[in-house]
Every structure is written in structure tokens, then in C-alpha cells.
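Residue-level structure breakdown
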Amino acid sequence: MNRNVEDILGGDDAPRQNLEREPDGPVKKMAMSIFKVLSGQKTPGLGPEDREQLWKRITSTISETDQKRSKKIRWLTLAVAAGIAAVVTVSAWFWLSQGPVQAPIALAALSNQNLLMDTGAIKLMGGDERMLILDDAPVIDLSSFPNQADTEEDNTFTTLTVPYGKRTEVVLPDGSKVWLNAGSQLTFPQRFDTQKREVYLEGEGYFDVAHDARKPFFVHTADFLIKVLGTAFNVSSYRDDAFTSTVLVSGKIELQGVGKQQFEKLVLEPGNTAVLQKEASRLEVRQDDVESHISWTRRQLILRSTPLAELLIRLERIYNTEIVTANEVFTDETFSGRLDLTQPLTSLLAIIYDQQAYVIKQEERRIVIQEKLN
Amino acid sequence: MAGLTENTCWKDFVSGKEYAFRVLYDYYADRLFAFGCRYSQDTELIRDLIHDLFVDIHHYRPRLDANANATAYLFSSLRRKIASAVKKRQRHMELYAAFEEGIPFLIEWDIERMAIRNEEEAELLRRVVKEVNRLSGRHQEALYLRFTCELDYAEVADVMGVSIASCRTMVYRAVKELRKKLADIPVSNVLFIALMHSRK
């Protein structure tokens, strides 16, 4: 088998070991040169003296703040309504009312973007980096808090993070509902502006926007700006997907490119799906089966000629499990049908991969699929 | 870290063992500093942010995830702090220009600190450096974390906020792009380059 430079350096093992195993030859030489440059950028650290000095600063700050803190515990109140369909209500106002940040929403989203930890819970993060952890809250309701009347200038942004493997539903201060899919982050201001309502989405969300003609609702994504004229629609804008898409269920939305993605403003009608291929900057609008796009809000995945590679990426996100295929599986094979997401991932994979021909092995957060040797 | 892995130390720290705080600091301070300098040349700022980071984890200790990957957690937290500090400084910056690029990744790859055998090798490495510098910021960042910082894919993915699969693809594609750009060099004429620095 002829390995190329990227096969040697791109492997899971430490690249150095991989290189050592490679037989001598031009490919190895090139791989070594590239490796030498990439690994040879180490810069000096702090050095022992500075490190000690910084340590002293850290410990003295900690002992100072420990004294102050006892007076300042009132910043967070958390009311939990228990019950089977528990609705967690967050008194985020108190919590959000601190912090001087006032920045455009996209920048706030950028700075709030927090780690989507493997074992992470659903989290709310304020502009001042305060974090609130909401364990398995089915609905996060931010609407039941009176809009503070104070006209203070500072308005902070909050980011709600849904890690891989989880989903949640949030009711925004204006009553609009958003279902957030696994691996998504939604950033919104503590108070909506008097002129317009703006949120920033990374990942996938289904929006049911409360009608308010005087305050249009905007959804920012890395590639799209969507102006909502009162409506229900789905947006998928995962950073690691090749596309950004939106599908309109009802009402009317207006679409506009952002940054590199420039195209004419476009009004979508119900049933329209707009798909932007990011790399090629190609926008396509088609009449599509709306159901398949929003099925995830009902714990189903509806596939319509979905390529295998895309299907595996979606399952990885939903189940927060890495799916490793021993052989290259980037075939042209596509799938149509309905998958029940309440089932364990191995059962779903058993539908996709014929068990006569493949072995599916479950490791901890990883599933390995191998072709059976005959 | 004498027989004690980073993640056990992290677990100890989260569960309240005071010794672990100092051990974590000693183990990570230099690495974090070197890493931070890739995003901002203001070394004072990076010092301040490392200070804030350790004050924060001490403060929020009861709420930290004991099973988190310590390296990934600390690197990504520092990265986030830098992003937010840089943003505050450039508040009037063009909204989307800033966003498109993510946090500007400043590394200017060079061959200054490398042991080079001869002019021929220097020539080749200069070409490599030139091409690496032309890669997209995200690709450069992924390569830096994977090769210079020696993080594994799971850690790189956490720091960059993408899935492990796409992180692996990113590294693979970046190296492939390099390989293609460098295809015109007659490698067979190049002297064999030994791996210079040994692992610590």
C-alpha cells in the first residue's frame, strides 16, 4: 500500500512514531521536512522566575477575593420547578445584570463560545464569563421574567450551549421558542433591543418566533443573516458542515449573505429550503420536504438521499459518540427513510451496516465498524 | 509529572486537594504562555489572562467537570479569554471581518529555532514554511495544536470547538494541501533529514 504524506502525518498515533515506521524514500523525506517545520515552532515559556512571580500574584488574588466574596453571594438565584415535565426557570436577570460588555452580537457569540465538553451539561454563559449549568433541563424558560425597566446602557449577551448528545428547548424573553440540536450554541442579549430582536446561532435550531411587527427578529449565523417576518423555520449552521441551510415551515423570512457569502437578498416562501455550499459560495433554493429538516425536534431523523458521510456526522453529534470506520466509507451510497433516535446508536448502525458483512464494536465513546474478513 | 497524569491531577484538584493546584500550575504555566503568545504578542496580557484563568478555576472548582480533559480545558479557556480581551480592545472593529477570521491566529512560522544541516535543507524548509504560512488560519491553528503543542485529536477538537472527526479531516487536508503545493520539489535530491529534537 502506498501511503502519502498526509496518511503518515494525519494518523491518530503520535506523528513521530508514525514517521519512524515509514520505510525510507521520497515520501518519508517530504513528511519529515513538513514535520520538522510543524513541530519545531516551540517558543520559550515563562521561565522559572516569571513563573514564580505569576504564581504569587495568583495566590494573593485568590486570598483577597475569598474575603470579598462572602459579602457578594447574591448574584445568582435559581428556581427549579420540580415534576416530571420539570420546567427549569432561570432567574438569569439578576445574574445577567452585571458586566460591562456591550458588543455586537456576533462578537459576543465569539467570545462566549465555550468548550463543548464531552461530558458537558447544558450551560448558560454570560458576557462576563459567569456560567450557569443546567442539568438536563427539558425547557429553559426566560420569558417569565419581567423586562427590567431600567434604561441602563449596558446590555450583556448570554450564550446557551447544548453539548453533543443533548438537545434542549428555550423560550426567549419575547416568548419565541427555539429548539436547539446537539452541539449548538445560541447567543442572545439580556434584553432585546427596542427596534429589533437579534440572536446568533452556531449549530442547528428550530425557531418558532413570536409575532411582533414592530420588532423584526434576526438570526445571525456565520454565513447567513435571516430576517424573520413572524414564522417557524429551521436553521442548520454547523461550523464543520460544508453547508449552511434554512428551511421555512410557515410565514416568511428574508435571507442575506454575510461576510464572504454575498448574494442578493432573498425572500423564502413556506416549503422553501435554501442550502448554501460554503466552499463554492453556491446558494440553491428548492422546494423540499420540510418534515425531514425538523424531524430532530421529535427525536426522529428523516433521511432523503442523505449521503452516508453526512449521516454519520449527524449521528456522531446526536449521540456524542465517535464513529470510526476502518475502511474508507466515503462512498456515494445514500440513505432514505426514518430513523428513531430513541434507539441506541448501535441498533441504528446495524440498520445501516449489513451485519453479514460488518462487525460493529462498541467501545466507550466510540464505535468501530469493520468489514468482516471472508 | 512524575508518574501522575494530568487528568488524575485535575481530578484531585476538582475534588479539593490543594496540592494539585500548584502541580497543575507548574505543569501548564509555560505551555499556556507559549500557546497564548500565538494569539497575541502582548506578553503582559497573556500573563494577566493566565493569572485570571488560574484564579477562575480555583474559584469555580466545585463546579468544574472532574472528568474533563485538563489540557483541552485549560487551553480552550485561555483561548476564549484571549478572544474576549482582543475583542474588548478592538470594539469598533468591523463586525463581520472579525467574525470570519475567528480569533486571529498570529503564528508566523519560521525556521529560526531549528537545527539545519546545510543550505539545501534550509532551502527546502523555507519552502515548507512559506506554504504553511499560506494555509488558512484554522488549518494553521489545527497544525500548531497537533504538532507543536503535541495535543491528541480529542484535545485539538475541544480547543477549537469542533468535532473530533472534522478536526482529523482538517489536519489531513492541511497536510495534503502542503504536500500538493510542494510537489514540484525534487525530493529525491534532498538529503535525508534526521529528526533533530528528541522527545522530552
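About the thresholds
- Starting from 1, residues in each chain are numbered consecutively following that chain's sequence as written.
- The order in which chains are written sets their letters, starting at A; the order in which ligands are written sets their numbers, starting at 1.
- Per-residue local features are limited, in this predicted model, to residues with pLDDT of at least 70; the limit for side-chain atom pairs, both in listing and counting, is 80 or more; totals at the level of whole chains, interfaces and linings are taken over all residues.
- UniProt positions are given in the numbering used here, feature names are shortened, and annotations may be inferred rather than shown by experiment.
- Helix and strand definitions follow DSSP, with helices as H or I runs of at least four residues and strands as E runs of at least two, each counted in order from the N terminus.
- Three exposure classes are used, all based on how many other C-beta atoms lie within 10 Å of a residue's own C-beta (placed from the backbone): buried at 20 or more, exposed at 12 or fewer, and partly exposed between those limits.
- Working definition of a contact: two residues with C-beta atoms, positioned from the backbone, lying within 7 Å.
- Interaxial angle, 0 to 180 degrees, is taken between N-to-C directions of lines fitted to C-alpha atoms, where a helix line uses only the stretch in contact.
- Note on angle classes: values under 35 degrees are labelled roughly parallel, values over 145 roughly antiparallel, values of 65 to 115 roughly perpendicular, and the remainder oblique.
- Handedness of a helix crossing follows the sense of rotation of the near helix relative to the far helix, less than a right angle counterclockwise being left-handed and clockwise being right-handed.
- The nonpolar class holds Ala, Val, Leu, Ile, Met, Phe, Trp, Tyr, Cys and Pro. Asp, Glu, Lys and Arg form the charged class, and all remaining residues, Gly among them, are polar.
- The predictor reports its confidence for every residue as pLDDT, a score running from 0 up to 100.
- In this analysis, strands are considered paired if DSSP registers two or more bridges between them.
- Nonpolar core, as used here: buried Ala, Val, Leu, Ile, Met, Phe, Trp, Tyr and Cys residues forming one set through C-beta atoms within 7 Å.
- One less than the number of residues in a helix, times 1.5 Å, gives the span that helix is expected to have.
- Throughout, the arc means the angular range of directions from the helix axis out to the C-beta atoms.

The name given to chain B in an unreviewed UniProt entry is RNA polymerase sigma factor, sigma-70 family, with Parapedobacter composti as the source organism. Annotation of chain B in UniProt includes, under Sequence similarities (unreviewed entry), the sentence "Belongs to the sigma-70 factor family. ECF subfamily."

Where an unreviewed UniProt entry is consulted, chain A appears under the name FecR protein, with the organism given as Parapedobacter composti.

Structural notes on the overall build of chain B
A count of helical and extended segments in chain B gives 9 helices and 0 strands. The order of helices and strands in chain B, counted from the N terminus, is α-α-α-α-α-α-α-α-α. A buried classification covers 38% of the 200 residues belonging to chain B.

Points about the overall build of chain A
What chain A contains, in helices and strands, is 9 helices and 23 strands. Every one of the 374 residues in chain A was classed for burial, and the buried ones make up 36%. In chain A, the share of contacts with a sequence separation of at least 24, taken over all contacts with a separation of at least 6, comes to 52%.

Concerning the packing of helix 1 (residues 6–14) of chain B against helix 2 (residues 19–36) of chain B
The relative placement of two packed helices comes down to the angle between their axes together with the axis-to-axis distance. All names here are of chain B. Across the interface, helix 1 lies against helix 2 with an axial gap of 8 Å and an inter-helix angle of 140°. Classified by the interaxial angle, the pair formed by helix 1 and helix 2 is oblique. Between helix 1 and helix 2 the crossing geometry is left-handed. Where helix 1 approaches helix 2, its residues Glu-6, Cys-9, Trp-10, Asp-12 and Phe-13 are matched on the opposing element by Ala-20, Phe-21, Val-23, Leu-24 and Tyr-27. Its residues assigned to classes, the contact of helix 1 with helix 2 shows 8 nonpolar, no polar and 2 charged.

Here's the deal with the confidence of the model for chain B
Residues and elements named next belong to chain B. The predicted model of chain B averages 79 in pLDDT, with 80% of residues at 70 or higher. The low-confidence segment residues 92–101, where pLDDT is below 50, has 16 contacts with residues more than four positions distant or belonging to other chains. Predicted complex, confidence summary: ipTM 0.78, pTM 0.44.

Some points on the confidence of the model for chain A
Do not read the predicted coordinates in detail wherever pLDDT is low. Residue and element names in this part refer to chain A. On average, chain A scores 73 in pLDDT, and the residues at 70 or more come to 74%. For the stretch residues 69–103, pLDDT sits under 50, and the model shows 59 contacts to residues farther than four places along the chain or on other chains. The low-confidence segment residues 114–119, where pLDDT is below 50, has 21 contacts with residues more than four positions distant or belonging to other chains.

Let's talk about the pairing of strand 12 (residues 224–228) of chain A
The side chains of a regular strand alternate, residue by residue, between the two faces of the sheet. Residues and elements named next belong to chain A. What you see with strand 12 is a clean split: Phe-224, Ile-226 and Val-228 sit on the buried side and Leu-225 and Lys-227 on the side with no burial. Pairing analysis gives 4 bridges linking strand 11 (residues 217–220) to strand 12, with the strands arranged antiparallel. Within strand 12, the position partnered with Val-219 by the bridge is Ile-226. If you look at the hairpin formed by strand 11 and strand 12, you'll find 3 residues sitting between the two strands.

Structural notes on the sheet that holds strand 20 (residues 322–325) of chain A
Residue and element names in this part refer to chain A. Pairing in this open sheet of 3 strands is mixed, and the strands run 20-23-22 from one edge to the other. At either margin of the open sheet sits one strand with a lone partner, and together these are strand 20 and strand 22 (358–363). Sheet twist, expressed as the average angle between the axes of neighbouring strands with direction ignored, equals 20°. Of the strand pairs in this sheet, strand 20 and strand 23 (residues 366–371) are connected by 4 bridges, and their pairing is parallel. Among the inter-strand pairings, Thr-325 is bridged to a residue of strand 23, identified as Ile-369.

Section: the nonpolar core
Counting residues in each nonpolar core, the largest one holds 66 residues, and the members touching the most others are Ile34(A), Ile50(B), Leu78(B), Ala142(B), Val156(B) and Cys167(B). Looking at which element gives the most residues to this core, the answer is helix 4 (residues 70–89) of chain B, with 9 residues. Among all residues touching Leu78(B), those that are not within four sequence positions of it are Leu32(B), Phe35(B), Gly36(B), Leu49(B), Ile50(B) and Leu53(B). By size, the runner-up hydrophobic cluster in this structure holds 39 residues, among which are Phe157(A), Leu172(A), Phe207(A) and Leu276(A).

Digging into the pairing of strand 11 of chain A
Here 4 bridges tie strand 10 (residues 197–208) of chain A to strand 11 of chain A, and the two strands are oriented parallel to one another. Across the sheet, the residue bridging to Val199(A) is Val219(A), located in strand 11 of chain A.

Thoughts on the packing of helix 2 of chain B against helix 3 (residues 43–59) of chain B
All names here are of chain B. Across the interface, helix 2 lies against helix 3 with an axial gap of 10 Å and an inter-helix angle of 145°. The handedness of the crossing between helix 2 and helix 3 comes out as right-handed. For the pair helix 2 and helix 3, contact is made by Phe-21, Tyr-25, Ala-29, Leu-32, Phe-33 and Gly-36 and by Ile-46, Leu-49, Ile-50, Phe-54 and His-58, respectively.

Some details on the environment of Leu24(B)
Looking at the element boundaries, Leu24(B) is found in helix 2. Once residues within four sequence positions are removed from consideration, Leu24(B) is found in contact with Cys9(B), Trp10(B), Phe13(B) and Ala70(B).

Quick word on the environment of Ile253(A)
All names here are of chain A. Along the chain, Ile-253 turns up in strand 15 (residues 253–257). By the C-beta count within 10 Å, which is 28 here, Ile-253 ends up buried. Through-space distance from the C-alpha of Ile-253 to that of Val-267 is 5.8 Å; in sequence the pair is 14 residues apart. Non-local contacts of Ile-253, meaning those with residues more than four positions away in its chain, are made with Ile-226, Lys-227, Val-228, Leu-229, Thr-231, Phe-233, Leu-248 and Leu-268.

Some details on helix 3 of chain B
Residues and elements named next belong to chain B. Over its 17 residues, helix 3 runs 24 Å from end to end, which matches the ideal 24 Å to within 8%, given 1.5 Å per residue. Residues Ile-46, Leu-49, Ile-50, Leu-53, Phe-54 and Ile-57 constitute the buried set of helix 3. For helix 3, the angular spread of buried residues about the axis comes to 135°, placing them on one side.

Considerations on helix 8 (residues 153–160) of chain B
In an α-helix, one turn spans 3.6 residues, which is why side chains three or four residues apart end up on the same side. All names here are of chain B. Counting buried residues in helix 8 gives 7 out of 8 residues, a clear majority hidden from the surface. For helix 8, the complete set of buried residues consists of Tyr-153, Glu-155, Val-156, Ala-157, Asp-158, Val-159 and Met-160. Gly-161 sits one or two residues past helix 8 and shows a positive phi near 70°.

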